[in-house]
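Understanding the architecture of this molecule
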Amino acid sequence: MKNNETIAVTEKPQMVERAFLVGLQHPEMSDETVEELLDELADLSKTLGVPVVGRMAARLREPQSRYLVGSGRAQEIVEQARAVEADVIIFDDQLSPSQQRNWEQLSKVCVVDRHEVILDIFGQRAQTREAVLQVELARAKYDLPRLKRRWGHLSRQRGASGGAGTRDAGEQQIEIDSRLVRRRIDHLQSQLRQVRRQRDVQRKQRLKKPVPVAAIVGYTNAGKSSLLNAVTQADVFTEDKLFATLDPTVRRLVLPNRQELLLSDTVGFVRKLPHQLVEAFKSTLEEAVNADFLVEVLDVSSAEIEQHHRTTREVLAELGAGDKPVITVFNKIDLIHDEHTVPRFRRRHPDAVFVSARDGVGLDQLEARLAEELERSLRQVELMIPHHRYDLIALLHRTSSISLEKYTDQGARIVAAVPLSVLASVKKFAKESGKGFDIGKSSE
């Protein structure tokens, strides 16, 4: 690639100052749903650093090809955006590349959709190499069909300059850029494969130390990182903004029964998550897929809590983690002032845990539930561990529920409920039955 060849989509656009939001009400949507989505879009815009100066909801009977809405409603939207001097119009629905171009020609301002806002937020907040690569890949795939929108000189053509490696005569700039972006996508995918191989090695090394793993999942800004910090005394970055955490964090937790558990924080979910990001972040979200069980965190103070719960479960199902055991945690009870709210949720979700990560309320109950969930996945086994294998005895103390421990001349006789991940390390010392090792049944 020549040094003077540049990819237009990598140039950062000038930051806009004021946003006008547009929510489209499809026939099956209620007024409340449209307003909830606009509230969430406003939070996304503010997270990106763009204040909202106006908003409107428009009924949509049938999508139109040119503006998504009819031309009359499109003109009304533009007039309202001009009235508040908006620099950008943000649609809650996804716009096709041609629709974005049509809107910008009509309004003479920048026009984006929810997907582009989320991509920009992810781009600002990615920290690890993997997350940065994933965001760049998602952005490149998103921008590829929108190159015409990025260039004001689409009809200009460059002639051939002769010599090997030169461009074809009359090749358009858009074609050059398209080829460069495709090369960039191939390069990013190659880099991601390498990073993922490294993550697989790290994950396998972690599995060699057979400690159960629980993944903390939930809607963005539900307080997942704050909960991880409160339970493990970690220092994971937290902020009262959407998508404060993009990079997975794993912390070790010693439970009251002395069992060890690895807690993994994950990226928050959101409605209408761009498909490019679902695909790009699958390796990050594999922490949830590979976990022994999940801890779903819900913001009990949110008016959209039920929708957030549905969205989380839908994304988990898409990732292949929908059948994992789940501990439901209602966070932020310190923000509830109505004395009937928490009891109402307790009646609906009798097995849930109610906590305040900020104040530390309910964390003891949560740790007890984590220990109970580990117990459910244990297998009863009777072992005779030789004296020289004290490392296995220490492993059992960290990970298993020991009901009998007696030392003899032959070694340590131990009866314990052992996680399946630990069983492979100790099964050759299990008491033999007629057909092999007596590893018993589940302790449930």
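These lines cover the structure that appears in this document, whether it is placed above or below.

So, how was this worked out
- Residues numbered from 1 in each chain as written.
- Predicted model: local features only at pLDDT ≥ 70, side-chain atom pairs only at ≥ 80, totals over all residues.
- Heavy atoms only, no water.
- Helix = DSSP H or I, 4+ residues; strand = E, 2+ residues; numbered from the N terminus.
- Expected span 1.5 Å × (residues − 1).
- Contact = heavy atoms within 4.5 Å.
- Core = buried A, V, L, I, M, F, W, Y, C linked by side-chain atoms within 4.5 Å.
- Buried < 20%, exposed > 50% of the residue type's maximum accessible area, 1.4 Å probe, protein only.
- Axes fitted to C-alpha atoms, helices over the stretch in contact; angles between N-to-C directions.
- Parallel < 35°, antiparallel > 145°, perpendicular 65-115°, else oblique.
- Nonpolar A, V, L, I, M, F, W, Y, C, P; charged D, E, K, R; others polar.
- Phe/Tyr/Trp six-rings, centres within 6.5 Å; stacked < 30°, edge-to-face > 60°.
- Lys NZ or Arg CZ within 6 Å of the ring centre and 35° of its normal.

**Overview of helix H1 (residues 31–47)**
For H1, built from 17 residues, the straight-helix expectation of 24 Å at 1.5 Å per residue is met to within 8% by its first-to-last C-alpha distance of 24 Å. Where H1 is buried, its residues meet strand S1 (19–25), strand S2 (52–59), strand S3 (88–91), helix H4 (114–125) and helix H11 (305–319). Two residues or fewer past H1, Gly49 is found with a positive phi of approximately 90°.

**Details of the nonpolar core**
Core analysis: the largest hydrophobic core is formed by 39 residues, its most contacted members being Leu21, Ile90, Val117, Val217, Leu294 and Leu316. Of all the secondary-structure elements, those providing two or more residues to this core are S1, H1, S3, H4, helix H5 (129–143), strand S7 (213–218), helix H10 (282–289) and H11. Sorting elements by how many residues they give to this core places H1 first, with 6 residues. Not counting the four nearest positions on each side in its chain, Val117 is found in contact with Leu44, Ser45, Leu48, Ile90 and Val112. In this structure, Leu253, Leu263, Ala357 and Leu363 belong to the second largest nonpolar core, which totals 23 residues.

**Let's talk about the packing of helix H8 (residues 224–232) against helix H13 (residues 363–376)**
At a minimum axis separation of 11 Å, H8 and H13 run at an interaxial angle of 85°. The orientation of H8 relative to H13 falls into the category roughly perpendicular. In this structure, H8 uses Leu227, Ala230 and Val231 to contact H13, whose residues at the interface are Leu363, Leu366 and Glu367. Of the residues contributing to the contact of H8 with H13, the split by class is 5 nonpolar, no polar and 1 charged.

**Side note on the packing of aromatic side chains**
In total, this model carries 4 aromatic pairs according to the counting rule given. Aromatic pair Tyr67 and Trp103: ring centres 5.4 Å apart, planes at 65°, arrangement edge-to-face. Here Tyr67, found in the loop between S2 and helix H2 (71–83), pairs with Trp103, found in helix H3 (residues 97–107); they are 36 residues apart in sequence, far enough to count as distant. Accessibility assignment for this pair places Tyr67 and Trp103 in one class, buried. Ring centres of Phe91 and Trp103 lie 4.8 Å apart, and the angle between their planes is 55°; on these two criteria the pair is classed as tilted. You can see Phe91 sitting in strand S3 and its partner Trp103 sitting in helix H3, a full 12 residues away along the chain. Pair check on accessibility: Phe91 and Trp103 agree, each one buried. One aromatic cluster is present, formed by Tyr67, Phe91 and Trp103 through successive ring pairs. The ring centre of Tyr142 lies 3.8 Å from the NZ or CZ of Arg146, which sits over that ring.

**Points about H5**
Compared with an ideal rise of 1.5 Å per residue, which puts 15 residues at 21 Å, H5 spans 21 Å between its outermost C-alpha atoms and is within 8% of the ideal. Most of H5 sits inside the fold, with 11 of its 15 residues counted as buried. Turning to H5, its buried residues are Glu130, Ala131, Leu133, Gln134, Val135, Leu137, Ala138, Arg139, Ala140, Tyr142 and Asp143.

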